[in-house]
Amino acid sequence: MSRSNTIAFPSEFSEAMSPASSRGLRVTAVGREFIRQRAFPWTLLSGGLLLALIDPSLTSSFAWLPFLVSLFIFGMPHGAMDWVVQNRLDGSKGILRQAIAFLPYLGLMAFSTVLLIVFPVFTVAAFMLLTTVHFGTADLLATGHGDESVVRRTLFIAGRGCLILGPAFAFHTQAAWAPFGLLVGMGSASSSSIEVVSLISGTLLFVGVLLALSHILLTLRSCPRVALLDFLESGLILLLTCLASPLFAIGLFFLSTHAYRHSIRLSSGPLLGDGVERDSLPSRVLRMHWCSLPLLIPTFLILPLWAFLQFGSIDPSALVTVTIGFFIITTLPHHLLGLRLPSYRP
């Protein structure tokens, strides 16, 4: 690894930036990389694992908590930044032009909504596959593997994604399906469905472990320190998703790792405006949350209304269930827009 990580922007975006803002692209030094990208996620993941080891039932009782927290911190705000991100990447000016430019994003949301209503099981399965890629890709970029070969990137993305979702459905199939069953009105899964899903998930878990280890061994040859960090992180994720309630484990990963790292990524470049590189990281993250309000406020109106109309209540469980439904609808356009974002470069 070189002495620093930088963010590289698409040429059409970087050319429009001033020299002063360009100097802000250098966002992480090697000495800070662990603190920014690993320490916070590891701390919360370790806390969740300790809770699962002490009393697994506690993770079931509070399964809704990580997703509920993510509505306000990192999770939903980083997704609600998509309006600002697209405007900055496209250079759109004026509310009318910005709204027109955002129509394809809304069109993909509408398309996903129709699929969820008409083909619920297929849509949920496609969402899980996309989430595997989305989670894996975000971690690939955040941990400095973005410039690797296609084969090695594929190993990391597939391995990481399978380690997050595979154990949840392999060892806790009924509990993992529960929020989706409520969402699409299908209730509990049948015993035959559980057997099929458990078999498929167990296979994905095995494949995930194999791919993750393969990537770690390849990394070991060029950068032993990073390989060790990857090994420890993958092990922590695997243990948590095997032992804790699936909704709790995936929600905690989403909050502490995926959404947090994406928030750091959004806060480490000039997407928030000129001169932000001089601010501290906490200030920039806070500003990111502020910039997310144009989409976040409508989302906060939609979710409780959806929960009340479908479930007749706005309790934490109902809110988390419709939040997952909202993610099913928005992950496709969110992921496609994220592919245009600047990525960390080793």
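None of these values were measured; they are calculated from a predicted model.

Conventions we followed
Residues numbered from 1 in each chain as written. Predicted model: local features only at pLDDT ≥ 70, side-chain atom pairs only at ≥ 80, totals over all residues. Heavy atoms only, no water. Helix = DSSP H or I, 4+ residues; strand = E, 2+ residues; numbered from the N terminus. Buried < 20%, exposed > 50% of the residue type's maximum accessible area, 1.4 Å probe, protein only. Contact = heavy atoms within 4.5 Å. Areas by Shrake-Rupley, 256 points an atom, 1.4 Å probe, with all protein chains shown as cover. Polar contact = N/O pair within 3.5 Å; in protein donor to acceptor, adjacent residues only side chain to side chain. pLDDT = per-residue confidence, 0-100. Salt bridge = Lys/Arg side-chain N within 4 Å of Asp/Glu carboxyl O. Core = buried A, V, L, I, M, F, W, Y, C linked by side-chain atoms within 4.5 Å.

*Asks:* So, the overall build of the protein: which residues are in play, and what are the values?
*Replies:* Counting its regular elements, the protein contains 18 helices and three strands. Classification of the 346 residues of the protein by burial places 52% in the buried group. A separation of at least 24 residues holds for 76% of the contacts in the protein among residues at least 6 apart in sequence. Taken as a whole, the protein presents about 15600 Å² of accessible surface, with 72% of it coming from carbon and sulfur.

*Asks:* Before we move on, can you summarise the side chain of Thr 321 with the specific residues and values?
*Replies:* Summarising the element assignment, Thr 321 is placed in helix α18 (residues 316–338). Of the residues examined, Thr 321 reaches a relative accessible area of 4% and is grouped as buried. A distance of 2.8 Å separates a polar side-chain atom of Thr 321 from the backbone oxygen of Ser 317. When neighbours within four sequence positions are excluded, Thr 321 is seen to be in contact with Pro 179, Leu 182, Leu 183 and Phe 311.

*Asks:* Describe the confidence of the model for the protein, naming the residues involved and giving the relevant values.
*Replies:* The share of residues in the protein with pLDDT of 70 or more is 88%, and the mean pLDDT across the chain is 86. Across residues 1–31, confidence stays below pLDDT 50; counting only partners more than four residues off in sequence or on other chains, it has 58 contacts.

*Asks:* If you had to explain the pattern of salt bridges to someone new, which residues and values would you point to?
*Replies:* By the definition in use, this model includes eight salt bridges. One salt bridge connects Arg 160 with Glu 233, and the closest N-O pair in it is separated by 2.7 Å. Taken as a pair, Arg 160 in helix α11 (residues 150–171) and Glu 233 in helix α14 (residues 224–243) lie far apart in primary sequence, 73 residues in all. Each of the two residues, Arg 160 as well as Glu 233, counts as buried. Via salt bridges that share partners, Arg 38, Asp 139, Arg 160, Asp 230, Glu 233 and Arg 261 belong to a single interconnected network.

*Asks:* An account of the nonpolar core is requested, with residue identities and associated values reported.
*Replies:* Counting 69 residues, the largest nonpolar core has Met 81, Val 85 and Phe 180 as the members making the most contacts within it. Ranked by the residues each element gives to this core, the list is headed by helix α15 (residues 246–267), at eleven residues. In contact with Met 81, not counting residues within four places along its chain, are Leu 266, Leu 272, Met 288, Cys 291 and Ser 292.

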